[in-house]
Amino acid sequence: MSGQDVNLVLRSTRVVTPEGTRPASVAVAGGTIDEVLPYDADVPAGARLEDFGDDVLLPGLVDTHVHVNDPGRTEWEGFWTATRAAAAGGITTLLDMPLNSLPPTTTVENLRTKQGVAGPKAHVDTGFWGGAIPSNVKDLRPLYEAGVFGFKCFLSPSGVEEFPELDQEQLARSMAEIAGFGGLLIVHAEDPHHLADAPQRPGPAYADFLASRPRDAENTAIEGLIAHARRLNARVHVLHLSSSDALPLIAAAKREGVRVTVESCPHFLTLTAEEVPDGATEFKCCPPIREAANQDALWAGLADGTIDCVVSDHSPCTTDLKTSDFASAWGGISSLQLGLPAIWTEARRRGHSLDDVVRWMSAAPAELAGLTRKGAIEAGRDADFAVLAPEATFTVDPAELFHRNQVTAYAGKTLHGVVRSSWLRGVRIASDGELAEPTGRLLERDR
């Protein structure tokens, strides 16, 4: 250990590094990882040692799919509450989606408004996606130059009037514009025609809601998206994949060299249609939670690399919007604080390791967004960490969540993996449910 400017050493018998999990000491200087050293390396004079024993030291998680809704719908969520929940759950970096806030992030002016609100409230590092809507093709390049990480669009109605979907012609136009400056388009891929043709039966029955969002809607939309990306040599990302039927199509496109990546979410990988009680609209999201057999295939897609990453799609609302009617209730799962234990609980049951979980929930989302200082415990990266007790269990009590509205599909579930603490650039920001004052920075895309 050089000792030069090292002010902190974090030690554990289990440190998850890009080369695997091993005993190590991690030296931190100026908020950056200086070296990853042998477990029993000497601690420099003046440096503080934090020894976590057998608890696992992970790189801080990166969640690239969070609806913070601030400003404008702050009663649904906000930067103060969302980033506290993130920190408590081991997430040290998040990217905010461009819709459900007022204004949406569809112009540079709107981005600056959102940044002004987020700055003093962010407990974790926070960046922003821009939005691609029919009217703002001219705004895409300026938004990119202002630092957004890419652009989100919908192919079917988004649920809010101020963020309309793109038809196929508009999709091609926006994709061509974004490809022209090397940007990334991230897509809510459900085909509106399949949705319109599906049976629409309002009421509390989950089976009726599931029938209203068929797999074919996802499959067709993804097929069209891949065709556009192939033609334009564009970089595209499929959001919240729910239909496992699309996996062979995606795998074939990747083999062909089409620049497509894919995410799924904890709710699709840990919850099943069979367990959703009628009227329990805390389970409602679009696309929907599907059957257990579909979930098995999604896990196979994660294992073979067809699915690149796992992120929350935290999309909260006020309690009153979760009516017992699946047709009219707001669609969104609140899970920001619970994603790591939810995924680890299921991953360990299926024979996966924490190395896999870190790849899906930290390294791959960081790579997707081009966050070159995040996502790994290695020299030169930000000293962002989560400390996890992987064998410990807890039962989810909504009252103990930091989300603004304590509604969650995970209520009452017993999960493996207790987050003991979270660290941002070498500073402990959460410890056993206690949160420090906000020190998160606003991130912009590396130019």
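Scroll up to find the structure.
Residues numbered from 1 in each chain as written. Predicted model: local features only at pLDDT ≥ 70, side-chain atom pairs only at ≥ 80, totals over all residues. Heavy atoms only, no water.

(A) Local environment of the packing of aromatic side chains. Overall, the coordinates contain 11 aromatic pairs when judged by the stated rule. Plain terms: the ring middles of Phe151 and Phe181 are 6.0 Å apart, the flat faces sit at 65° to each other, and that makes the pair edge-to-face. Note that Phe151 is positioned in strand β10 (residues 151-154) and Phe181 in the loop between α4 (168-180) and β11 (184-188), a separation of 30 residues in sequence. For Phe151, a relative accessible area of 0% puts it in the buried group. Among the residues examined, Phe181 registers a relative accessible area of 14% and is labelled buried. Consider the rings of Trp299 and Trp360, whose centres lie 5.7 Å apart with planes at 70°: the pair is edge-to-face. With Trp299 in helix α10 (residues 292-303) and Trp360 in helix α12 (residues 354-369), this pair connects stretches of sequence that are 61 residues apart. Given the relative accessible area of 3%, Trp299 is considered buried. (Phe/Tyr/Trp six-rings, centres within 6.5 Å; stacked < 30°, edge-to-face > 60°. Helix = DSSP H or I, 4+ residues; strand = E, 2+ residues; numbered from the N terminus. Buried < 20%, exposed > 50% of the residue type's maximum accessible area, 1.4 Å probe, protein only.)

(B) Quick look at the sheet that holds strand β13 (residues 260-264). Strand order in the open sheet formed by 6 strands is β9-β10-β11-β12-β13-β14, with parallel pairing between adjacent strands. Taken across any chain shown, the strands that pair with only one partner, and hence form the sheet edges, are β9 (130-131) and β14 (309-310). (Pairing = 2+ DSSP bridges.)

(C) Highlighting the nonpolar core. By size, the foremost hydrophobic cluster in this structure holds 97 residues, and its most contacted members are Phe151, Leu185, Leu241 and Val357. Here the element with the most residues in this core is helix α1 (residues 79-88); it accounts for 6 residues. Setting aside residues no more than four positions away along its own chain, Leu185 makes contact with Ala132, Phe151, Cys153, Leu171, Met175, Ile178, Arg235, Val236 and His237. Grouped together as the second largest cluster of nonpolar side chains are 21 residues, Leu95, Phe149, Leu371 and Leu443 included. (Core = buried A, V, L, I, M, F, W, Y, C linked by side-chain atoms within 4.5 Å. Contact = heavy atoms within 4.5 Å.)

(D) Summary view of empty space enclosed by the protein. Tallied over the entire structure, the rule returns 3 cavities of 30 Å³ or more. Reported here for the largest cavity is a volume of approximately 80 Å³. Considering the residues around the largest cavity, the lining is formed by 14 residues, among which Leu61, Asp63, Ile91, Gly339 and Met361 are closest to the centre. Within the residue set of the lining of the largest cavity, elements represented by two or more residues are β6 (61-66) and α11 (339-349). Taken together, the residues of the lining of the largest cavity sort by class into 9 nonpolar, 4 polar and 1 charged. Approximately 50 Å³ is the volume attributed to the second largest cavity. Partitioning the lining of the second largest cavity into residue classes produces 5 nonpolar, 4 polar and 2 charged. (1 Å grid on protein atoms, 1.4 Å probe; cavity = no way out; pocket = protein on both sides within 12 Å on 5 of 7 lines; lining within 4 Å. Points joined across faces, edges and corners; volume = space filled by probe spheres on them. Nonpolar A, V, L, I, M, F, W, Y, C, P; charged D, E, K, R; others polar.)

(E) Geometry of the environment of Asn219. If you trace the backbone, Asn219 turns up in helix α7 (residues 215-232). A relative accessible area of 14% places Asn219 in the buried class. Counting along the chain gives 133 residues from Asn219 to His352, while the straight-line C-alpha distance between them is 27 Å. Aside from chain neighbours lying at most four places away, what touches Asn219 is Ser243, Asp245, Ala246 and Leu249. Within polar-contact distance, the side chain of Asn219 engages the side chain of Ser243 at 2.8 Å. (Polar contact = N/O pair within 3.5 Å; in protein donor to acceptor, adjacent residues only side chain to side chain.)

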